[in-house]
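Coordinates in review
Single-letter residue listing:
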Amino acid sequence: MAPPLTLPVRIDGSAVDPRWDVEAASLGETVTQLSRIWGTLARESLGRRLSEEAAEGAEDPDAAAEASRDLHVRTRASVLTLVVVAPTPETQERALAAVAALASRHPSRAIILAPFDPDGPSSFRAHIHASCQIPDRMSAEVCTEEILLRLGGELAAHLASTVAPLLIHDLPVVVWWPDDVPFESPVLRELVGTADRLFVDSGAFHGDGLERLAGMSRAIGAGVVVHDVAWMRLLAWRELTAGLFDHPILRPEVRSVDALRIDVARPGDQVRLTRAVLFAGWVAAQLGWQTVSPLAEGPDGSWRATARAGRREVPIEIRPVTSGVDGPVRGAGSLVAVDLEVRRAGRPVRARVTRQEDHLLATAEWQGAQVARRAARLEPFDEMPFLAEALDRSGGDRIFARALDQAVRLSGRAGVDDRPAGRGRANGGSR
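Our subject in this report is the structure included herewith. (Residues numbered from 1 in each chain as written. Predicted model: local features only at pLDDT ≥ 70, side-chain atom pairs only at ≥ 80, totals over all residues. Heavy atoms only, no water.)

**A word on the pattern of salt bridges**
A side chain with one charge may pair with a side chain of the opposite charge, provided their charged atoms come close. Under the convention used in this document: Take a side-chain nitrogen of Lys or Arg and a carboxyl oxygen of Asp or Glu: if they are within 4 Å of each other, that pair is a salt bridge. Here a strand is any run of E in DSSP of at least two residues, a helix any run of H or I of at least four, and the numbering for each starts at the N terminus. When a residue's accessible area, from a 1.4 Å probe over protein chains only, is under 20% of the maximum for its type it is buried; when over 50% it is exposed; and in between it is partly exposed.
For the coordinates displayed, the defined rule picks out 23 salt bridges. The closest approach of N and O atoms between Glu184 and Arg218, which form a salt bridge, is 2.7 Å. Here Glu184 is found in the loop between β7 (173-176) and α7 (186-192), whereas its partner Arg218 is found in helix α8 (residues 210-221), with 34 residues between them in sequence. Here Glu184 falls in the partly exposed class, since its relative accessible area comes to 33%. In this structure, a network of salt bridges that share partners links the residues Glu90, Arg94, Asp179 and Glu383.

What follows is the structure, encoded as structure tokens:
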């Protein structure tokens, strides 16, 4: 027998900025508790509005009916539902911190799924935290909900069916899967089938990350709109590299680039290639290169591939290096330096972007003389701004899709095929 419903526990009794903390032991109880919270807020909102109008001498007989019809608009200004798969306490804390930081810009219903022990007995426990900021009678309340669901057994293996009753009708759904992403997992496929967008960080894929890149490519090919933190973090690298070839002397040389080398950070023995391969894929897509031989590890620990540009063969090298630069560069796979070269006799060209302590430095040499120099400041490591950017964008990124396709070809993995990764709302990025 299910435990009896408990009344929502209001931890702030004031009429301004109310908050609730509620526990629930079943999905049905969770839905009921959410309805009770918003029903309570709706009644308070209605009472406050009518009291204000009475104090001002309003004599409109339809005021109560109008206010009642307006309740649902005024009591929730959520713009989306964010679903986070966070099996560890660390990822749960990251998710809750991101939701709190985004509350004013993206008020949302955040559902944090904490699956555990899928082979054990079924278990369900929910903690609901809801809060509202109430500005004035003419503005909508800005309300957010954080629903932490600890799911065991069969429920942990079918997250989509648990989430479905908690989705808000007609609001977009974004699934955020921190850390490694099992693109081939039925759990993920079912979940993205209920969503409009998937938010991931390929820089956190396990191992060298190349198999996961291929899985991400297949997901995009099946219609899932994917936003990747690692790709977003490459923006400054891409802009500086492209900007060097805006110089009048260098512009004609960009189609003659015949060598690409990328250095990536290797702390200890861990080698992660995702960001470097994505960057190489972007260069290949922009310059129309075709993969001749995919990446293979050499005896010196470097990874080499060969592309073709017209009749020219272009060597591509990724070198894991030890870097003394502090900060995010210490993370495995962080870019340290990028070199593009034109080696033709008589007019050698070298375009180089390197990571410094807190900025990137881009330089270009033509026949041994420096002709261009640019810099860009590095922002502190924080995934929240990238999440905010992904929430603002509803559609996919075609440049990213082309770069990823080339990256998967360079990696030698299988890319887009006919295996479905998502259906329904994921296709096209909207409901």
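From this point, the narrative continues.
**Focus on the sheet that holds strand β16 (residues 359-366)**
Where we set the bar: The criterion for strand pairing is that DSSP finds at least two bridges linking the strands in question. Lines fitted to C-alpha atoms define the axes, with helix axes restricted to the stretch in contact, and inter-axis angles between N-to-C directions lie between 0 and 180 degrees. The contact definition used throughout considers only heavy atoms, calling two residues in contact when any of these lie within 4.5 Å.
Pairing in this open sheet of eight strands is mixed, and the strands run β11-β12-β13-β10-β14-β15-β16-β17 from one edge to the other. Since the sheet does not close on itself, it has two edges, and those belong to β11 (290-297) and β17 (369-377), each with one partner. For this sheet, the mean inter-axis angle between neighbouring strands, taken without regard to orientation, is 10 degrees. Taken together, the six bridges between strand β14 (residues 335-342) and strand β15 (residues 349-355) define a ladder with antiparallel strand orientation. Its bridge partner being in β15, Glu341 is matched across the sheet by Arg350. Seen against the sheet, helix α10 (residues 235-244) touches β14, β15, β16 and β17 and runs at an angle of roughly 155 degrees to β15. Its contacts with the sheet put helix α13 (residues 398-411) on β11, β12 (303-309) and β13 (312-321), and the angle it makes with β11 is roughly 55 degrees.

**Observations regarding the packing of helix α11 (residues 274-287) against α13**
The following threshold applies: Angle categories are assigned with fixed cut-offs, so that under 35 degrees is roughly parallel, over 145 is roughly antiparallel, 65 to 115 is roughly perpendicular, and the rest are oblique. Put simply, Ala, Val, Leu, Ile, Met, Phe, Trp, Tyr, Cys and Pro go in the nonpolar bin, Asp, Glu, Lys and Arg in the charged bin, and everything else, Gly too, in the polar bin.
Axis separation between α11 and α13 bottoms out at 7 Å; the angle between their running directions is 110 degrees. Overall, the two elements α11 and α13 adopt an arrangement that is roughly perpendicular. Contact residues: Val277, Leu278, Ala280, Gly281, Trp282, Ala284, Ala285 and Gln286 in α11; Ile399, Phe400, Arg402, Ala403, Leu404, Gln406, Ala407 and Leu410 in α13. When its residues are assigned to classes, the contact of α11 with α13 shows 12 nonpolar, three polar and one charged.

**Observations regarding the pairing of β11**
Relative to β12, β11 runs antiparallel, the two sharing five bridges. Within β12, the residue paired with Glu297 across the bridge is Trp303.

**Brief notes about the pairing of β16**
Bridge analysis of β15 against β16 gives seven bridges, and the strand direction is antiparallel. In the strand pairing of β16, Arg350 is matched with Glu365. Note that β16 and β17 share eight bridges and pair antiparallel. In the strand pairing of β17, Thr363 is matched with Arg373. Count of turn residues in the β16/β17 antiparallel hairpin: two residues, of which Gln367 carries a positive phi of about 55 degrees.

**A short note on α13**
Basically, it comes down to this: Expected helix span is computed as 1.5 Å times (number of residues minus one). Identification of polar contacts relies on pairs of N or O atoms within 3.5 Å, with a donor-acceptor requirement for protein atoms, meaning one able to donate a hydrogen and the other able to accept it, and with residues adjacent in sequence counted only if both atoms are side-chain atoms.
The end-to-end C-alpha distance of α13 is 20 Å, a good match for the 20 Å that 14 residues give at a rise of 1.5 Å each. Every buried residue belonging to α13 is among Phe400, Ala403, Leu404, Gln406, Ala407, Val408, Leu410 and Ser411, and all of these are buried. Two to three positions downstream of the cap, the backbone nitrogen of Ile399 sits 3.0 Å from a side-chain oxygen, assigning the N-cap of α13 to Asp397. Residue Gly412 follows α13 closely and has a positive phi angle near 80 degrees.

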